[in-house]
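Residue-level structural notes
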Protein chains: 2
Amino acid sequence: MRKRDTVRRTTAKEVAAAAGVSKWTVIRAFTPGSSITEESKRRVMEAAAALNYSPNLLARSLATNSTRQVAVFVDDFRNPQKLPFLETLTERLQAAGLVVMLININNHFDHVHALLHADQRQVDAVILFGTAFRDETLADRKLGHGMPPMFVLARDSQIEGVPAVVCDAELALREIVDHLHEKGYRRPGFMSGATALSTALRRRQHFTDFWAEKGVDKIELLSAEKYSAEAGATSVHEYLSRTAPAERVDVLMCENDILALGAMDEIRGKFGLRVPEDIAIVGFDNYELGGSSAYSLTTYEQPRFEMVEAIIGMIVGTTEAETVTLPGKMIIRNST
Amino acid sequence: MRKRDTVRRTTAKEVAAAAGVSKWTVIRAFTPGSSITEESKRRVMEAAAALNYSPNLLARSLATNSTRQVAVFVDDFRNPQKLPFLETLTERLQAAGLVVMLININNHFDHVHALLHADQRQVDAVILFGTAFRDETLADRKLGHGMPPMFVLARDSQIEGVPAVVCDAELALREIVDHLHEKGYRRPGFMSGATALSTALRRRQHFTDFWAEKGVDKIELLSAEKYSAEAGATSVHEYLSRTAPAERVDVLMCENDILALGAMDEIRGKFGLRVPEDIAIVGFDNYELGGSSAYSLTTYEQPRFEMVEAIIGMIVGTTEAETVTLPGKMIIRNST
DNA sequence: CACCTGCTTGCACCCGGTAGCAAGACTTTT
DNA sequence: AAAAGTCTTGCTACCGGGTGCAAGCAGGTG
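One numbering rule holds for all chains: residues counted from 1, following each sequence as written. Chain letters start at A and ligand numbers start at 1, both assigned in the order the entries are written. This being a predicted model, a pLDDT of at least 70 is required before a residue's local features are given, and a value of 80 or more before pairs of side-chain atoms are given or counted; all residues contribute to the totals for chains, interfaces and linings. Water and hydrogen atoms play no part in the side-chain values, which are based on all heavy atoms of the structure.

- In the nomenclature of an unreviewed UniProt entry, chain A corresponds to HTH-type transcriptional regulator ascG from the organism Rhizobium freirei PRF 81.

See the structure below:
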């Protein structure tokens with residue numbers, strides 16, 4: 001590793017010497033609310049500006065036991081939805097004086113590794129951003145009890161004492177089903193991606209429950225291999241191939257927009273069917289491309305900003321740390 | 001800020017007391033290659049395991065003047081291409097024992113702020129990942145000369161002494177033009193996004209140059225407002241509306257896949273034209289959705305892995321720090 | 001003018017490691 | 001058995017700040 005010892009940063013001690021005060025006075029000048037005369041502060045600031053001094057946050061963190069760094073764990077970079085969330089997360093955390101340490105959870109660097117690492121780096125909090133974190137992981141004996149506080153973002157928390165911030169799936173699916181019912185659809189289908197995820201299962205469950213309330217019990221269940229346009233296309237292809245036109249669903253809700261876009265392309269391109277006339281499509285996440293006129297996909301937007309604000313509130317301690325469920329927003333377009 | 005003082009991490013001194021040695025012996029047990037007997041090491045490790053000790057990287061960083069943290073600046077989260085790059089960056093950096101500090105450059109947190117912050121945090125390097133960083137910024141008098149080493153990723157470096165790692169645009173455009181010429185296209189068009197970016201201009205320039213070499217001098221230039229499917233659609237819509245069918249281009253190269261997808265949808269959906277029969281389309285970046293059967297977009301893939309490896313090589317010092325241009329890969333599909 | 005009060009300032013010590021020296025223990029050589 | 005050499009171990013000093021206490025100094029009061 002190339003070290004940075006070529007040009008050393010100036011220290012409080014050096015500024016002190018230049019300003020003719022002690023290093024503690026320099027530190028006070030940089031500590032809001034500490035007792036120091038205007039005169040000394042001015043002299044210190046002048047010397048600091050001349051020497052290009054700024055406090056070393058590493059040393060401060062060591063002394064104060066607070067790094068103002070938040071580790072964000074991500075284990076699936078395939079979902080384009082991660083990007084706007086990362087944007088909001090970094091932006092809001094930076095506004096709160098915090099900074100993001102982005103950790104890629106993968107086969108070579110699992111949750112236990114990552115947690116130990118985050119702990120060694122003394123992060124103030126860990127955000128599990130949609131990662132498949134299981135309870136057992138925490139039971140790992142290598143993990144002591146001094147771990148940094150953890151929060152789950154955009155996924156249910158599987159872990160006792162770890163709060164989650166999620167979009168209200170019940171409300172979302174109720175709104176969606178209400179809308180579809182109102183539009184006259186009666187033969188609904190649901191396409192899932194990973195059926196092992198609780199968040200995914202919950203959406204499907206609400207979908208079937210609310211249709212049941214409306215007297216519709218038959219829900220066609222499709223499943224895609226993974227969350228990709230190709231998988232969505234394959235899944236709907238398989239379904240349409242084996243189902244006679246009269247038997248087909250009149251509306252297909254896909255677990256997220258990527259699946260929906262893939263399905264839509266397949267329905268129109270390969271089968272020559274019209275959306276929404278032959279089959280209506282609904283997605284989830286309001287992914288940008290879905291808004292273009294070619295797709296005009298009806299979807300549901302998670303309250304990104306509010307979710308991020310909520311999690312930050314808990315991290316900085318202005319809000320009590322407990323699971324929060326926030327309402328999102330239905331985006332009705334031409335695909336339904 | 002909620003502090004972590006509830007459960008303090010155990011320190012080397014505490015382990016030392018438990019193991020009946022001095023704290024320096026404990027540290028040696030955790031420092032590969034230092035002189036320590038098997039016996040002492042075993043005792044230390046036992047005590048450490050019992051007390052759940054691991055070295056505090058903050059303190060280590062302070063003492064060694066090396067944090068093994070790399071700041072990554074991103075200023076445009078709209079480009080979906082960022083996500084796979086972030087995945088590769090985090091993965092490879094973690095494999096090299098480094099960790100990513102993700103900084104969002106925006107109106108409230110500009111390059112100067114971010115650099116000062118990164119410097120205060122003592123990062124080992126700064127990666128300007130496709131950000132619009134200009135030379136003048138560095139001239140800011142607040143920026144001293146002890147700044148961390150900087151590297152530009154996926155964009156030309158505008159700054160003296162700051163190396164860049166980029167995809168070879170000349171080679172890429174040559175391959176693309178060769179391919180199109182061979183396929184028999186003779187009336188090419190080029191759609192740009194932001195015309196202010198040197199990287200963008202360069203692609204366009206090579207495109208026109210190589211066509212000129214083949215005796216084709218007339219290049220239709222379209223321009224989109226920004227890099228979005230909608231903007232691509234709008235741009236191509238405007239072009240097709242004002243151009244008689246006989247006058248139209250037979251192939252349109254778009255500066256990136258997002259523009260290409262938007263353009264393709266518009267060409268097919270709104271104008272009822274066929275791709276590639278009426279107009280062929282080429283993109284850039286090999287964005288996942290372009291590979292789906294509905295689009296089957298011919299495009300060009302940047303050598304993500306190699307680019308990231310190259311930049312890491314420079315950061316850790318195994319490679320000399322100088323601008324590197326790497327060859328990408330042409331992906332020929334059905335849109336040409 | 002002595003005394004009290006309150007704000008400034010300097011100081012010793014601390015955060016949890018690292019570097020390099022020197023003393024101690026143990027081994028090998030003569 | 002003494003001298004020389006090697007490996008271990010502890011120690012001092014240091015990285016660059018933060019904390020709480022006590023001394024220094026000003027102004028106001030009796």
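Now that the structure is up, let's keep going.
1. Thoughts on helix α10 (residues 229-242) of chain A
Residue and element names in this part refer to chain A.
- Numbering of helices and strands runs from the N terminus; a helix is a DSSP stretch of H or I covering at least four residues, while a strand is a stretch of E covering at least two. To estimate the expected span of a helix, subtract one from its residue number and multiply by 1.5 Å. Over its 14 residues, α10 runs 20 Å from end to end, which matches the ideal 20 Å to within 8%, given 1.5 Å per residue.
- Only protein chains enter the accessibility calculation, which uses a 1.4 Å probe. A residue is then buried if its area is under 20% of the maximum for its type, exposed if over 50%, and partly exposed in between. Taken together, the buried positions of α10 are A229, A231, G232, A233, S235, V236, Y239 and L240.
- By definition, residues are in contact when any of their heavy atoms lie within 4.5 Å. Buried positions along α10 lie against β6 (188-192), β7 (220-223), β8 (251-254) and α11 (257-269).

2. A closer look at the relation of the copies chain B and chain A
- Take chain B, turn it by 180°, move it 0.1 Å along the axis, and it overlays chain A with an RMSD of 0.1 Å. Taken together, the turn and the small shift mark the pair as related by a two-fold rotation axis. If distances are taken from each C-alpha of chain B to the rotation axis, the shortest is found for M101 of chain B, at 2.3 Å.
- A high fraction, 100%, of the interface residues of chain B reappear at the interface in chain A, so the copies pair face to face through one surface. In superposing the copies, a least-squares fit is computed on C-alpha atoms, taking residues whose pLDDT is at least 70 in both.

3. A look at the packing of helix α5 (residues 82-95) of chain A against helix α12 (residues 304-316) of chain A
Residue and element names in this part refer to chain A.
- Axes here mean lines fitted to C-alpha atoms, for a helix over just the part in contact, with angles spanning 0 to 180 degrees between N-to-C directions. α12 packs onto α5 with a crossing angle of 45° between their chain directions and a minimal axis gap of 10 Å. On the basis of their axis angle, the class for α5 and α12 is oblique. Considering only the axes of α5 and α12, their crossing is right-handed. Packed against α5, whose contacting residues are P84, F85, T88, L89, R92 and L93, the element α12 presents R304, F305, M307, V308, E309 and I312 at the interface.
- Residue classes follow a fixed rule: Ala, Val, Leu, Ile, Met, Phe, Trp, Tyr, Cys and Pro count as nonpolar, while Asp, Glu, Lys and Arg count as charged, and any other residue, Gly among them, counts as polar. In terms of residue class, the contact of α5 with α12 is made up of 8 nonpolar, 1 polar and 3 charged. Working definition: roughly parallel below 35 degrees, roughly antiparallel above 145 degrees, roughly perpendicular at 65 to 115 degrees, and oblique for all remaining angles. What makes a crossing left-handed is the near helix being turned counterclockwise from the far one by less than a right angle; a clockwise turn instead makes it right-handed.

4. Notes on the protein's contact with DNA strand D
- Around DNA strand D sit 26 residues in total, of which K23 and I27 of chain A together with S22, T25 and S40 of chain B are the nearest.
- Whenever two N or O atoms come within 3.5 Å, that pair is a polar contact, provided that in protein one can donate a hydrogen and the other can accept it, and provided that, for residues adjacent in sequence, both atoms are side-chain atoms. Separating a phosphate oxygen of DNA strand D from a side-chain N or O atom of S40 of chain B is a distance of 2.5 Å.
- Residue assignment for the surface near DNA strand D shows that the elements contributing at least two residues are α2 (23-29) and α4 (57-64) of chain A together with α2 (23-29) and α4 (57-64) of chain B.
- Ranked by residues supplied to the surface near DNA strand D, first place goes to α4 of chain A with 5 residues. One heavy atom within 4 Å of a molecule or strand is enough for the residue carrying it to be called near that molecule or strand.

5. Observations regarding the domain arrangement of chain A
Residue and element names in this part refer to chain A.
- The source of the domain bounds is an automatic or database domain assignment. Segmentation of chain A into domains returns domain 1 (12-55), domain 2 (66-162) and domain 3 (169-302).
- The centre of domain 2, based on its C-alpha atoms, is set 31 Å off from the matching centre of domain 3.
- Residue-level contacts link 7 residues of domain 2 with 8 residues of domain 3.
- Together, the buried faces of domain 2 and domain 3 total about 790 Å²; carbon and sulfur atoms form 44% of this surface.
- For the domain 2 face of the interface with domain 3, the top three residues by lost area are Q81, R155 and D156, together amounting to 54%.
- For salt bridges, the criterion is a side-chain nitrogen of Lys or Arg within 4 Å of an Asp or Glu carboxyl oxygen. One can count 1 salt bridge joining domain 2 with domain 3.
- For R202, the salt bridge is made with D156, and the minimal N-O distance between the two is 3.5 Å.
- Counting across the interface, domain 2 meets domain 3 through 0 residue pairs in polar contact (both at pLDDT 80 or more). Summed over both partners, buried area is the accessible surface (1.4 Å probe) that two parts give up on being assembled.

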